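# Close look at the chain arrangement
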Amino acid sequence: MSDLIKFKIDGKDCMAEAGKYIVDAAADNGIYIPTLCNMKGVQPKGACRICSVRINGRLMTSCTTPVTDGMEIESDSAEIQDLRKSIIELLFVSGNHFCPACEKSGSCELQALAYRYQMMVPRFPYEFPLKRVDASSPRIIKDQNRCIFCKRCIKTIKDEKGRSYFVFRNRGHKLEVVLDETMGKTMDEATAKLAMENCPVGSILVKERGFEIPIGKRKFDKEPIGSDIKL
Amino acid sequence: MENTIKQIVEKYNSNRMRLMDILIDIQESEGYISRDAITTMAAMLDMSQADVEQTISFYHFFSTKPRGKYTVYLNNSPVAYMFGREAIKEAFEKSAGIPFGQVTDDGLIGLFDTACIGMNDQEPAAIINNVVFTRLTPYRVREIVKMMKEGKPMEELRKESFGDGKNNLPSLRSMVSSNIRRKGMILSDDYKYGTVIKEKLPTMSPENVIAEMKHSSIRGRGGAGFPTGLKWEFCRRAKGEKHYVICNADEGEPGTFKDRVILTEKPELVFEGMALAGYAIGGDEGVLYIRYEYRYMKNYLEEVLEKMRNEGLLGENISGIEGFNFDIRIQFGAGAYVCGEESALLESLEGKRGEPRDKPPFPVEKGYLGNPTIINNVETFATAVRIVQNGGEWFTQFGTDDSTGTKILSISGDCMFPGVYEVNWGFNVEDMLDMVGAYDVQAVQVGGPSGTLIGPDEFHRTLGYSDLSTGGSMMIFGKQRNLLKDVVVNFMEFFIDESCGSCSTCRNMTQVMNNKLKKILAGKGVAKDLKDLKEWSKVLNPSRCGLGQTAANPIVSSLKNFRHLYEELLQKDKDFDEGFDLESSVQASCNYVGRVPVFNHH
């Protein structure tokens, strides 16, 4: 058993195993810090910045920062909650997210966060960018309109040699997550399904197959995201 | 061609960590990186093709399409525009017969824009096939394009008018000028390189070196200002198989060019500084990571390294100190400003996209190849030599209490004598403007686009870590300049182009803010827009790296110090304007169906 350390989140005394990432340590103590790009058991890469907290006056991502003894973390302040909401809104305006027409509705983490943060209308103007849909693989559809660049597929979907099916292309505002053309052609069913499941939004869809669970009965239709940690 | 690719990959032992070198060599030998080259490379490196492509597509100077036998990269910094870039661009387009962003049908000439190439004191400037052409005029451009059409070799294109100082050396033969206007401890000629390694280090332990560095209070010269001695100490104490010394010569902040001058005139000082840092932290390998824009220095710098090896200043048991082994290799970047951020630099050095890493862990603990690493600026290493030579105490007599020593400034824009000036920290802006002969100054951009834009009422402020902190970029704008249109938009677009895209904040917010700025410039702004700009800029704060965190600075600082320029453009009679232009939005559709729209103007 590893050593337990003490720390505080928003003034509340907490305990966790040393070296745990803040986001997991908080969950262990019943405190929900929202995440989007993070995945349990996968090396984090603070991409979405939604889990930002303040430590010693500095903003840090709680999915990448290990908790240390005596650490004082600020997570539930008006400033940080608004920052998180801004980021959700920013993701909405910079892609084309039309929830009613999306197969992932109800299981989508971005949509669920928007509900949890009570987003009505984004404060930023919609950009309606022109994006493509790549259906060249016989197994999956990669819809760039819905991609939020979380890197989950890049980090988790690999072949037996450890080569990535998905990668980034270009940079900055022109960034895309693309599927390797050759590997996309030979992708097996299980890999395709895993890619779809690991995608927090509806950007990766398995072809010729709808979602098994009907709308209204999907994960976040029943209770808000993060409810397993804190309502 | 397949053989060429194979040879190149094998030259780097089929090591994917050397992907940058592999790609640079292929780009230079083939003119582009073809589909076939990617297939061959991916198989040899055990990578997916898309994985190879993701590195290619990150860097500005890599291309999967031919970019012409002669490839012109014309600098687009604001200062380039101030010195006639538009006319140069026109001359290139007219004589080559193509617009920028294209290659001629016969594949002879390609014209491309590029971000600041570190020549702001001799604009307009362009890089053609790795040769830097400075002080371009339309006449000269016509001459150059004519020679290209005649298929002349690069040796003929570059006329025999070379720059000053060591730019004249046979291994450089560069048209670039060093323009050194003021010398201090680094640029002065009173130090014979190698003295510290030969005479000082044998009498000092690594701990002594770190103690002198700490005593000097020197802080990093790249701009962030971390105490150098502390960084070295952390690294020395960190456990790892190997310890690395990296010199950051990425110098991408628009308006900065002092590292180019230091590396031209005093490269030995920099390399000596790296070696003594290696001695201090217990590392035997150094890398100079240098931006591709300075590719023209490759042979020269390699020659200097070879000379220093021959003189026993690099190699094994240096200066007779048992176990003091140190050597340096040069790694070129390929056009990405963000690689100046130390952890992005490390990613690039490992052959990957230059995306900054999450911190902690910091590079001093887990850096290059996962080992303890120090990354310091060119100027910091050069300064370290003088500190160890004369002692930390001596160093503190220069500058101020919290900013000791000298700083080399890169000064450009509207002034009589642009160039490089080495001054003591604590210099104030007013004196600086008088020093360079700048009159009728409207504004000074201190520290490049990520820094601050200040006006005359702040010219009393001083250069230093506690007031105007700067990596050395100083751009001066005269009264005749349109700050918002010519400077702020240019800088915002620079950040949009250079964002790695990893963080949601920097990838999107730069664009959202620039759109709003353009709305204001188009006369559609209202008072609330200024409030929005200020509020929205805060969303960039949680970005992973300095680029993202400061990417709104061009707007934020101009809004703070030149608010009247924004207010003049606002509509006074409106509280709200969606900024939507119906007429232009329906234009395309009207053209298709042949209708003339009737607008109901309120």
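Residues numbered from 1 in each chain as written. Chains lettered and ligands numbered in written order. Predicted model: local features only at pLDDT ≥ 70, side-chain atom pairs only at ≥ 80, totals over all residues. Heavy atoms only, no water.

Turning next to the sheet that holds strand 6 (residues 244-249) of chain B. All names here are of chain B. Strand order across the open sheet formed by 4 strands is 8-7-6-9, with parallel pairing between neighbours. At either margin of the open sheet sits one strand with a lone partner, and together these are strand 8 (327-332) and strand 9 (373-377). Strand after strand, the sheet turns through a mean of 20 degrees between neighbouring axes, direction not considered. In the packing of helix 16 (residues 378-390) onto the sheet, the strands contacted are strand 6 and strand 9, and the crossing angle to strand 9 comes to about 95 degrees. (Pairing = 2+ DSSP bridges. Helix = DSSP H or I, 4+ residues; strand = E, 2+ residues; numbered from the N terminus. Axes fitted to C-alpha atoms, helices over the stretch in contact; angles between N-to-C directions. Contact = heavy atoms within 4.5 Å.)

Before going further, it helps to spend a moment on unusual backbone geometry. Negative phi characterises most residues that are not glycine, and trans characterises most peptide bonds. A cis amide bond links Lys359(B) with the next residue in sequence, Pro360(B), at an omega value of 0 degrees. Here Pro360(B) is to be found in the loop between helix 15 (342-349) and strand 9. Of note, the amide linkage connecting Pro360(B) to Pro361(B) takes the cis form, showing an omega dihedral of 0 degrees. Note that Pro361(B) resides in the loop between helix 15 and strand 9. At Asp10(A), a residue that is not glycine, the phi angle is positive and equals roughly 50 degrees. One can find Asp10(A) in the loop between strand 1 (4-9) and strand 2 (12-17). Phi is positive for Lys151(A), close to 80 degrees, though the residue is something other than glycine. Tracing the chain through its elements places Lys151(A) in the loop between strand 7 (140-143) and helix 4 (152-156).

Before going further, it helps to examine the domain arrangement of chain A. By a widespread convention, an interface's size corresponds to the accessible area lost as its parts come together. Residue and element names in this part refer to chain A. Structurally, chain A comprises domain 1 (4-76) and domain 2 (85-208). Distance between the C-alpha centres of domain 1 and domain 2: 25 Å. Listed as interface residues are 15 residues of domain 1 and, on the opposing side, 17 residues of domain 2. Between domain 1 and domain 2, a total of about 1200 Å² is buried, with carbon and sulfur atoms accounting for 70% of that surface. Here domain 1 is connected to domain 2 by 0 salt bridges. Across the domain 1-domain 2 interface, the total number found is 3 residue pairs in polar contact (both at pLDDT 80 or more). (Domains from an automatic or database assignment. Buried area = accessible area lost by both parts, 1.4 Å probe. Salt bridge = Lys/Arg side-chain N within 4 Å of Asp/Glu carboxyl O. Polar contact = N/O pair within 3.5 Å; in protein donor to acceptor, adjacent residues only side chain to side chain.)

What follows covers the environment of Val167(A). If you trace the backbone, Val167(A) turns up in strand 8 (residues 166-169). C-alpha of Val167(A) to C-alpha of Ile154(A): the two residues are 13 residues apart in sequence and 5.5 Å apart in space. In this view, Val167(A) contacts Ile154(A), Glu176(A), Val177(A), Val178(A), Ala50(B), Asp51(B) and Gln54(B); residues no more than four positions away in its chain are not counted.

Let us look at the packing of aromatic side chains. When we look at a pair of aromatic rings, we describe it by the centre distance and by the angle of the planes. Residue and element names in this part refer to chain B. Going through the model one piece at a time under the given rule, you end up with 18 aromatic pairs over all chains. Taking 4.8 Å as the distance between ring centres and 65 degrees as the angle between the ring planes, the aromatic pair formed by Tyr337 and Phe494 counts as edge-to-face. Here Tyr337 is found in the loop between strand 8 and helix 15, whereas its partner Phe494 is found in helix 19 (residues 483-498), with 157 residues between them in sequence. When sorted by exposure, Tyr337 lands in the same class as Phe494, which is buried. With 4.9 Å between their ring centres and 45 degrees between their planes, Trp425 and Tyr465 make a pair best called tilted. Taken as a pair, Trp425 in the loop between strand 11 (419-424) and helix 18 (429-436) and Tyr465 in the loop between strand 13 (452-454) and strand 14 (473-478) lie far apart in primary sequence, 40 residues in all. Residue class for Trp425 comes out buried when judged on its relative accessible area of 4%. Taking relative accessible area as the criterion, Tyr465 reaches 11% and is therefore assigned buried. Across the ring face of Tyr193, the terminal group of Lys192 is positioned such that the distance to the ring centre comes to 3.8 Å. (Phe/Tyr/Trp six-rings, centres within 6.5 Å; stacked < 30°, edge-to-face > 60°. Buried < 20%, exposed > 50% of the residue type's maximum accessible area, 1.4 Å probe, protein only. Lys NZ or Arg CZ within 6 Å of the ring centre and 35° of its normal.)

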